Amino acid sequence: MEIVFEDVDYIYQPNTPLEHVALQDLSFTIPSQSFTAIVGRTGSGKSTLLQQLNGLLQPTSGTVTIGNTRLPGVKAKPLKELRRRVGLVFQYPEHQLFEETVKQELLFGPKNFGLDLAQLEAQLPQVLQDVGLDESFLERSPFTLSGGQMKRVALASVLILDSEVLVLDEPTAGLDPVGKKQLLQLFRYLNEEKGKTVVLVTHNMEDAMAYADQLVVLNDGCIDRVTSPKHLIEKRDQLEAIGLAPPESIKFVDYMKQTLDVNWNGHEATVVTVSQALINRIKAGANK
Amino acid sequence: MIELEQVSFRYQNEASHVFENLNLTIEQGEWVAIVGRNGSGKSTLAKLLNGLCLATSGVVRVNHTVITSESKHQVRTQIGMVFQNPENQFVGTTVADDVAFGLENLAVPRDTMIKRIDQSLEQVDMTAYKNHEPSRLSGGQKQRVALASVLAMQPEVIVLDEATSMLDPIGKEQVLSIIQELHEQLDVTVIMVTHDLNEAALADRVITLNEGTVWFDGKPREFLEKGDQLHEVGLEPPFVTKVYQQLSRQSITVTQEPLHYEELVDELWRLYLKT
């Protein structure tokens, strides 16, 4: 499902002394079935932006078109339909969990949207497995889970809805590295194999660069640029000014080039390419 | 000093124990990173240290005081905690009010209080924001204020429970460099729960928890030497560690396991390429 922002402004508490312009003049498109990352430092407007994607907030001016729904001015009923089609996983999972058991938590959304519960109940073990949990979690209380487990349950409660668009706000913060990789690969699978549009909101450039095909860079409530990971890496000297940092592998390559005078022909920076460049350089010896 | 002796802990209504007969000693002034997969007991351990959780059996001692439901309030004045979500820890309308809150609860005299507020804001480099509203600060600034609130209590131990995981790279670096400074200047014990192994490499000691037991306890370099074995406990070796593994296979080694890419590259230069 395509999402189009046109001249979107969002102002918190307009016409009051506390007025705060959070988003200014945003125009960009999230193509259907793309894997788009929205990146920017804390306070750049990422969370305000993502809440426009399912109508939790509606633009103060300008429009957001999500499939055939256009914000602002959407009434309650189509808004509910929109929220079924756009699943949102919040940054802090403890904010969205409230049921007594994980099972009730997972079925709350489907019940609310009037889906076939019996059929979905059968899918629960699979959905839990997808997020790295097993069936034994179904009867547990979400509030006795660790932070990382809560995050997985929150994600599963959205996955079960099988939404066309998945919006994920820092979905891997607080997860262990193996769990993090597993979830990112799940998002890639949902994007590539199931045709979901994935919107990843993050300040982690490693994840954004490795998984997204489009990057929307926000700075201070404005669009800094809409680009691809490859192009952004080429312009990495501009990242620091907007509060972001290149992935560690890229910093490694830059330092290695600068210190050891290594030949580097713009390969992708992986463990294999970086080690090979170092090995070649050392074999070439001191008087290269 | 923190001592855990034969500590077992189980959450109410849960069948299995998080810890069974855990033993651990942390000396005053150590900087310890606690790592491990989700659900391995990291946050529970942090909560046992300040009495948010009480041991089901066994003893947790902080500076020789056993933590019980009676002593936990007194122990909390010695152990400050900073959590993951900066939003959840604010109560005041200004940064200074917020730092004052804990001190007011301890009935610290007013002039001492003012001095401590100024001092702790200075330690985290937030003096300029003294009269600002906490909600308008960036994530890194919020965590620095949370840290100042803890410092104002002059604790002997600071526990950071994934305190940098929600911060952007710049905010993260600010918080870590302040912790590094505090650790060097004051004799404060730092216990840092984290998933970021680059962050853990900054500590003096890394404790890896796995299913409620200590899987590894030692220096960061020895920890990184574990390489691929880290996968067994849900961890991923840092990029520099993986590159060093590849180099070692070609018999290109440096004097010690590198903690950081700059260290590896500098050592390679010194050992192999410098004329």
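Residues numbered from 1 in each chain as written. Chains lettered and ligands numbered in written order. Predicted model: local features only at pLDDT ≥ 70, side-chain atom pairs only at ≥ 80, totals over all residues. Heavy atoms only, no water.

Student: Explain the pattern of salt bridges to me, please; I cannot follow it from the model alone.
Tutor: Pairing is possible between side chains of opposite charge, provided their charged atoms come close. One pass over the full model with this rule turns up 18 salt bridges over all chains. Salt bridges sharing partners connect three or more residues here, namely E3(B), E5(B) and R61(B). (Salt bridge = Lys/Arg side-chain N within 4 Å of Asp/Glu carboxyl O.)

Student: Quick question: what am I supposed to make of the UniProt feature "domain: ABC transporter" (unreviewed entry) in chain A here?
Tutor: Sites flagged by UniProt as "domain: ABC transporter" (unreviewed entry) map to residues 3–245 of chain A. Across residues 3–245 of chain A, the secondary structure splits into 35% helix and 26% strand, with the terminal C-alpha atoms separated by 27 Å. (UniProt positions renumbered as here; feature names shortened; annotations may be inferred. Helix = DSSP H or I, 4+ residues; strand = E, 2+ residues; numbered from the N terminus.)

Student: I tried to follow the nonpolar core on my own but got confused; where do I start?
Tutor: Generally speaking, nonpolar side chains in soluble globular proteins are found buried as a group. Of all hydrophobic cores here, the largest spans 48 residues; its most connected members are I117(B), L147(B), L160(B) and F223(B). A total of seven residues in this core trace back to one element, the largest contributor, which is helix α5 (residues 139–152) of chain B. Those residues in contact with F223(B), other than ones at most four positions away along the chain, are V35(B), L197(B), V206(B), T208(B), F216(B), L230(B) and L235(B). Grouped together as the second largest cluster of nonpolar side chains are 47 residues, V89(A), V127(A), L138(A) and M150(A) included. (Core = buried A, V, L, I, M, F, W, Y, C linked by side-chain atoms within 4.5 Å. Buried < 20%, exposed > 50% of the residue type's maximum accessible area, 1.4 Å probe, protein only. Contact = heavy atoms within 4.5 Å.)

Student: Got a minute to help me understand the side chain of N50(B) in this structure?
Tutor: One can find N50(B) in the loop between α1 (42–49) and β4 (57–62). What N50(B) contacts, discounting residues up to four positions off in sequence, is I67(B), K72(B), R76(B), I79(B) and M81(B).

Student: I keep staring at the pairing of strand β3 (residues 35–39) of chain A and nothing clicks. Help me out?
Tutor: In summary, the side chains of a regular strand alternate between the two faces of the sheet. All names here are of chain A. β3 sits mainly inside the fold: five of its five residues count as buried. Both β3 and strand β8 (residues 197–202) contribute to a ladder of five bridges, which runs parallel. Paired with V39 across the two strands is T202, which belongs to β8. Where β3 lies against strand β9 (residues 214–219), four bridges are found, and the strand directions are parallel. The residue of β9 that forms the bridge with T36 is Q214. (Pairing = 2+ DSSP bridges.)

Student: Please explain the environment of T208(B) as it appears in this structure.
Tutor: All names here are of chain B. Take T208: it is sitting in strand β9 (residues 205–210). On the accessibility criterion, T208 (0% relative accessible area) is buried. Dropping the residues within four chain positions of it, T208 is found in contact with V35, T213, V214, W215, F216, F223, V233 and L235.

Student: Explain a nonpolar patch on the surface to me, please; I cannot follow it from the model alone.
Tutor: All names here are of chain A. Taken together, the side chains of F98, F108 and F143 present a nonpolar region at the surface, about 300 Å² in accessible area. With respect to the helices and strands, F108 occurs in helix α3 (residues 102–112). Judged by its relative accessible area of 32%, F108 falls in the partly exposed class. (Patch = residues over 30% accessible without salt bridge, like charges linked within 9 Å, V, L, I, M, F, W, Y side chains within 5 Å. Areas by Shrake-Rupley, 256 points an atom, 1.4 Å probe, with all protein chains shown as cover.)

Student: Sorry, what's going on with the side chain of K151(A) here?
Tutor: Turning to its location among the elements, K151(A) is positioned in helix α5 (residues 147–159). Put simply, K151(A) is tucked away with no salt bridge, and the nearest opposite charge, on E170(A), sits 7.0 Å away. Of the polar contacts made by the side chain of K151(A), one reaches the backbone oxygen of Q91(A); its length is 3.0 Å. Look past the residues within four positions of K151(A) in its chain and what remains in contact with it is Q91(A), P93(A), E170(A), P171(A), A173(A), L175(A) and M166(B). (Lys, Arg positive; Asp, Glu negative; His and termini not counted. Polar contact = N/O pair within 3.5 Å; in protein donor to acceptor, adjacent residues only side chain to side chain.)

Student: How do you make sense of the interface of chain B and chain A when you look at a structure like this?
Tutor: How big an interface is tends to be expressed through the accessible area that disappears when the partners come together. Facing 42 residues of chain B, the contacting portion of chain A comprises 48 residues. Sorting the residues of chain B by area buried against chain A places M166(B), F239(B) and Y261(B) first, and these three jointly supply 18% of that buried surface. When the shortest N-O distance is used, the salt bridge between D168(B) and R41(A) registers 3.6 Å. Where chain B meets chain A, there are eight residue pairs in polar contact (both at pLDDT 80 or more). Elements that contribute at least two residues to the side of chain B that touches chain A include exactly α6 (169–185), α9 (239–249) and α10 (261–273) of chain B. Ranked by residues supplied to the side of chain B that touches chain A, first place goes to α10(B) with nine residues. Within the side of chain B that touches chain A, the residues separate by chemical class into 18 nonpolar, 15 polar and nine charged. (Buried area = accessible area lost by both parts, 1.4 Å probe. Nonpolar A, V, L, I, M, F, W, Y, C, P; charged D, E, K, R; others polar.)

Student: When you look at the pairing of strand β7 (residues 165–169) of chain A in this model, what are you seeing that I'm missing?
Tutor: All names here are of chain A. Within β7, five of the five residues are buried, leaving the element largely enclosed by the surrounding structure. Looking at chain direction, strand β6 (residues 86–89) and β7 are connected through four bridges and run parallel. Considered in β7, the bridge of V86 is made with V165. Remark: the β7/helix α6 (residues 177–192)/β8 crossover connection has right-handed handedness. (Right-handed = clockwise from strand over helix to strand, strands pointing away.)

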